[in-house]
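# Structural description and commentary
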Amino acid sequence: TVEPLEYYRRFLKENCRPDGRELGEFRTTTVNIGSISTADGSALVKLGNTTVICGVKAEFATPPTDAPDKGYIVPNVDLPPLCSSRFRAGPPGEEAQVTSQFIADVIENSQVIQKEDLCISPGKLAWVLYCDLICLDYDGNILDACTFALLAALKDVQLPEVTINEETALAEVNLKKKSYLNIGTHPVATSFAVFDDTLLLVDPTAEEEHLATGTLTVVMDEKGRLCCLHKPGGSGLNGAKLQDCMSRAVTRHKEVKKLMEEVIKSMKPK
Amino acid sequence: MPGDHRRIRGPEESQPPQLYAACEDEAPAARDPTRLRPVYARAGLLSQAKGSAYLEAGGTKVLCAVSGPRQAEGGERGGGPAGGGSALAAALTAAALALADAGVEMYDLVVGCGLSLTPEPTPTWMLDPTRLEEEHAAAGLTVALMPVLNQVAGVLGSGEGAQTDSWADAVRLGLEGCQRLYPVLQQCLVRAARRRGAAAPP
């Protein structure tokens, strides 16, 4: 299209978008749990073309000196050149860093996992969960895809039983006895693109993000509590519009929770 | 990592729990040395790349994307989770498929196949080893073949053991494996081309 913005405006006037979606409609969402056999937990999420895979590896570490009864959760988002021609190979670029920090904030604010649950022996031994998120196909809205992939992967993680041998003071791991993580809350992200300072489009594609005058991401838990609000500059939004976004985020949460429950139920026990 | 401001900080050091687990030396089960694991190949699945291919063989999964062409630098970027045995062989095949999917003109597809040598007392060359078999192997070999031209594109091996002629036999076994894989890859490219044809505007 020679004039992409004009092209979009013609559709928006009729309250829909070129791909046929309504302004408040999400793309087809699919989730696949447990596909990486070498990880302790994994999930693949697709929002339309946007594809993010999350792999979780659990390792042992000494708890931090300022929090001896806590473990670690370390997220890392990778946007490799294969997901989009805008990215180059090398250390994390700006967008990857922003997304990693966003995920870290969501984990911290939502308390999806209590770090105290990751402690094995205070001051001596704790779990560290390395959560690697890799975007395989970038077609907009990676924040929502990453949040969903992380949550689904965490629900898939099984940690082996660990006991500290009193005599040797060494850890003894029983790989045959594993248990799932205690997931406290289920944070779900809903992102919007702002068009011409006024219209809100949910789940923007890469093209829509490019044409937008601003973006907003709302992260809610199942109790309707706000975990995170991410609004990196762009068009201002008044209270009423923010409230609309929050309401959409609440309904999206129900959609995502239902999808995840269906997937988990259909999985064969490991 | 101290001073790395681009990543979320974690602990200074960490160890995998497997180091502290009861040592279970799981030996790989005996099997037909010429068996090839069923392969799933799919081309043209990434919306942002010019060409792409996904290959799954047993537990090994490789995803490859091709972008470009760009000035001077090579237009290929590989990536994706590996692990599961014969990762290099799978990566070679996926790369060739992705290039074909991108429409890059090539003399032929390159197909890769892995082999591993079981340790004493009876060293045998196994085709398409699993990760467990590779871990217990005395030697490993990867061969790459261009099936239609019947030309060997590459051979990479390392390790110790078995008679010299058995290595030649192993290469032959690997090349046979490549030939057996070829029809699956052809099918995959035909399907991808059909899908592209169906999606393209008239």
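No experiment lies behind these values; they were computed from the predicted model shown.

Cut-off values and rules
- In every chain, residue numbers begin from 1 and rise along the written sequence.
- Going through the entries in the order they are written, you letter the chains from A and number the ligands from 1.
- Per-residue local features of the predicted model are confined to residues with pLDDT of at least 70, and side-chain atom pairs are confined, for both listing and counting, to 80 or more; whole-chain, interface and lining totals are unaffected and use all residues.
- Side-chain numbers come from the whole structure's heavy atoms, not from hydrogens or water.
- Stacked, tilted and edge-to-face pairs are distinguished by plane angle, under 30 degrees for stacked and over 60 for edge-to-face with tilted covering the rest, among Phe, Tyr and Trp rings (Trp via its six-membered ring) whose centres lie within 6.5 Å.
- The numbering of helices and of strands both runs from the N terminus, where a helix is a DSSP run of H or I of at least 4 residues and a strand a run of E of at least 2.
- UniProt positions are given in the numbering used here, feature names are shortened, and annotations may be inferred rather than shown by experiment.
- Within this scheme, the nonpolar core is defined by two criteria: the residues are buried Ala, Val, Leu, Ile, Met, Phe, Trp, Tyr or Cys, and they are joined through side-chain atoms within 4.5 Å.
- Remark: exposure states derive from per-residue accessible area (1.4 Å probe, protein chains only) relative to the maximum for the residue type, with buried under 20%, exposed over 50%, and partly exposed in between.
- Should any heavy atoms of two residues lie within 4.5 Å, those residues are counted as being in contact.
- Simply put, the buried area is the total loss of 1.4 Å probe accessible area from both parts when two parts are fitted together.
- A side-chain nitrogen of Lys or Arg and a carboxyl oxygen of Asp or Glu constitute a salt bridge if their distance falls within 4 Å.
- By the criterion applied in these results, polar contacts are pairs of N or O atoms within 3.5 Å in which, for protein atoms, one can donate a hydrogen and the other can accept it, and in which residues neighboring in sequence qualify only through two side-chain atoms.
- Being paired, for any two strands, means DSSP has found at least two bridges between them.
- Here an axis means a line fitted to C-alpha atoms, over the contact stretch when the element is a helix, while the angle between two N-to-C directions is reported on a 0 to 180 degree scale.

Any pair of aromatic rings gets described here by the distance separating the centres and the angle formed by the planes. By the definition in use, this model includes seven aromatic pairs over all chains. Taken together, a centroid distance of 5.5 Å and an interplanar angle of 70 degrees make the contact between Phe87(A) and Tyr138(A) edge-to-face. Taken together, the positions of Phe87(A) in the loop between strand 4 (72-78) and helix 2 (94-110) and Tyr138(A) in the loop between strand 6 (125-137) and helix 3 (142-156) put the pair 51 residues apart, joining distant regions of the chain. Cluster of aromatic residues (ring-pair linked, three or more members): Phe60(A), Trp127(A) and Tyr20(B).

All names here are of chain A. Listed under "domain: Exoribonuclease phosphorolytic" (unreviewed entry) in the UniProt record, and renumbered for this structure, are residues 25-160 and 187-250. End C-alpha atoms of residues 25-160 are separated by 41 Å, and the span's content is 24% helix alongside 37% strand. Helix makes up 28% of residues 187-250 and strand 38%. Its end C-alpha atoms lie 11 Å apart.

Core analysis: the largest hydrophobic core is formed by 70 residues, its most contacted members being Ile113(A), Leu129(A), Leu133(A), Leu154(A) and Leu181(A). In terms of residues, this core owes the most to one element, helix 3 of chain A, which gives eleven residues. Ignoring anything within four residues of it in the chain, the contact list for Leu154(A) reads Val56(A), Val112(A), Ile113(A), Leu129(A), Cys131(A), Leu181(A) and Ile183(A). Judged by nonpolar contacts, the second largest core, of 39 residues, contains Ala41(B), Leu55(B), Leu141(B) and Leu173(B).

This part is about the interface of chain A and chain B. Listed per partner, the contact involves 35 residues of chain A and 31 residues of chain B. Approximately 2800 Å² of surface area, both sides summed, lies buried where chain A meets chain B, with 60% of it carried by carbon and sulfur atoms. Counting across the interface, chain A meets chain B through zero salt bridges. Between the two partners, chain A and chain B, sit seven residue pairs in polar contact (both at pLDDT 80 or more).

Another point: unusual backbone geometry. The peptide bond linking Glu120(B) to Pro121(B) adopts the cis configuration, its omega dihedral lying at 10 degrees. Phi is positive for Asp197(A), which is not a glycine, with a value near 65 degrees. Turning to its location among the elements, Asp197(A) is positioned in the loop between strand 9 (188-195) and strand 10 (199-202). Phi is positive for Asp203(A), close to 50 degrees, though the residue is something other than glycine. One can find Asp203(A) in the loop between strand 10 and helix 4 (206-211). The class for Asp203(A) is buried, based on a relative accessible area of 0%.

All names here are of chain B. Read from one edge of the open sheet, four strands run 6-5-7-8, paired in antiparallel fashion. Where the open sheet ends on each side, the last strands, each with one partner, are strand 6 (125-127) and strand 8 (151-159). Across the sheet, the mean angle from the axis of one strand to that of its neighbour is 20 degrees, orientation sign disregarded. As defined by bridge partners, strand 7 (residues 139-146) adjoins strand 8 across eight bridges and the pair is classed as antiparallel. In the sheet register, valine 143 faces strand 8, and the bridge partner there is valine 155. Together, strand 5 (111-117), strand 7 and strand 8 form the strand contacts of helix 1 (residues 87-101), whose direction differs from that of strand 5 by roughly 175 degrees.

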